[in-house]
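# Residue-level structure breakdown
For reference, the chains in residue letters:
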Amino acid sequence: QVQLMESGGGLVQAGGSLRLSCAASGRTFNNVYAMGWFRQAPGKERDFVAAINGLSGVTHYADSVMGRFTISRDGAKSTVDLQMSSLKPEDTAVYYCAVKKAVVASRSPAGYDYWGQGTQVTVSS
């Protein structure tokens, strides 16, 4: 099993920044696995935000966050971070970290095998 623990959510004003972190642990976690961030607003589906491939570190972003968010990972620490800047009220959601048991990330939540419990991000106008 793989356990994921997110941190760093909170309340921020529009235009501000937040950094989310996710720490992976467990005997079956492998640092070659792809990792990603998704978000879910009340009454909406869980949407792709960003992901990073294992090994190559190639990154993928949703159009809505391109240029504002940056995903990064530290293989030695088994962590993945999401730096969020120029935040907008529409970024308000619960943000989830996820691990896919494959090297190449995907944009569909269905492709991921493990999920964190989520962390709330609220952006006020």
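Look up: the structure comes first, before these words.
This report concerns the structure included in the present document. Being a predicted model, the structure only gives us computed values, none of them experimental. (Residues numbered from 1 in each chain as written. Predicted model: local features only at pLDDT ≥ 70, side-chain atom pairs only at ≥ 80, totals over all residues. Heavy atoms only, no water.)

## Thoughts on the state of the cysteines
The term disulfide refers to a covalent linkage connecting the sulfur atoms of a pair of cysteines. Filter applied, for reference: Note that a disulfide, as used here, is simply two cysteine sulfur atoms within 2.5 Å. Helix numbering and strand numbering both begin at the N terminus, where a helix is a DSSP run of H or I of at least 4 residues and a strand a DSSP run of E of at least 2. For every residue, the accessible area (1.4 Å probe, protein chains only) is compared with the maximum for its type, and the residue is labelled buried under 20%, exposed over 50%, or partly exposed between those bounds.
Summed over the entire model, instances satisfying the criterion amount to 1 disulfide. Note on cysteine connectivity: Cys22 is disulfide-linked to Cys97, with sulfurs 2.1 Å apart. Across the S-S bond linking Cys22 and Cys97, the dihedral sits near -80 degrees, which makes this disulfide left-handed. Linking Cys22 in strand β3 (residues 18–25) with Cys97 in strand β9 (residues 93–100), this pair joins segments that are 75 residues apart in sequence. Side by side, Cys22 and Cys97 carry an identical accessibility label, which is buried.

## Details of the pairing of strand β1 (residues 3–7)
What counts here: We call two strands paired when DSSP finds no fewer than two bridges between them.
What you see with β1 is a clean split: Leu4 and Glu6 sit on the buried side and Gln3, Met5 and Ser7 on the side with no burial. Note: β1 against β3, 5 bridges, orientation antiparallel. In the strand pairing of β3, Gln3 is matched with Ser25.

## Describing the sheet that holds strand β8 (residues 79–84)
Here is the rule we go by: Convention adopted: a line fitted to C-alpha atoms gives each axis, helices being fitted over their contacting stretch, and angles between N-to-C directions are expressed from 0 to 180 degrees.
Taken together, the 4 strands give an open sheet; going across it, the order is β1-β3-β8-β7, and neighbouring strands pair in antiparallel fashion. The outermost strands of the open sheet, each flanked by one partner alone, are β1 and β7 (69–74). Each neighbouring strand pair of the sheet contributes to a mean axis angle of 15 degrees, computed without reference to strand direction. Bridge count between β7 and β8: 6 bridges; the pairing is antiparallel.

## Some words on the packing of aromatic side chains
Two measures describe an aromatic ring pair: the distance that separates the ring centres and the angle between the ring planes. Worth spelling out the cut-off: Think of it this way: a Phe, Tyr or Trp ring, Trp meaning its six-membered ring, pairs with another when their centres are within 6.5 Å, and the plane angle makes it stacked under 30 degrees, edge-to-face over 60, tilted otherwise. Comment: the charge-over-ring label is applied if NZ (Lys) or CZ (Arg) is within 6 Å of the ring centre and within 35 degrees of the ring normal.
Applying the stated criterion to the full structure yields 6 aromatic pairs. Consider the rings of Phe29 and Tyr33, whose centres lie 6.1 Å apart with planes at 85 degrees: the pair is edge-to-face. There is no split in this pair, since Phe29 and Tyr33 are both buried. Note on Tyr96 and Trp115: the rings are 6.5 Å apart at their centroids and 80 degrees apart in plane angle, and the pair reads as edge-to-face. You can see Tyr96 sitting in strand β9 and its partner Trp115 sitting in strand β10 (residues 114–115), a full 19 residues away along the chain. Overall, the relative accessible area of 14% leaves Tyr96 in the buried class. Given the relative accessible area of 27%, Trp115 is considered partly exposed. Ring pairing ties together the aromatic residues Phe38, Phe48, Tyr96, Tyr112 and Trp115, which thus form one cluster. We note Arg46 situated over the ring of Tyr96; from NZ or CZ to the ring centre the distance is 3.7 Å. We note Arg46 situated over the ring of Trp115; from NZ or CZ to the ring centre the distance is 4.8 Å.

## Describing the environment of Ser106
Applied cut-off: We call two residues in contact when some of their heavy atoms are within 4.5 Å. Under the rule applied, a polar contact is a pair of N or O atoms within 3.5 Å (in protein, one hydrogen donor and one hydrogen acceptor; residues adjacent in sequence only if both atoms are side-chain atoms).
Among the structural elements, Ser106 can be located in the loop between β9 and β10. According to the relative accessible area criterion, Ser106 is buried, its value standing at 18%. Once residues within four sequence positions are removed from consideration, Ser106 is found in contact with Phe38, Phe48, Ala51, Lys100, Gly111 and Tyr112. A polar contact is formed between the side chain of Ser106 and the side chain of Lys100, at a distance of 3.5 Å.

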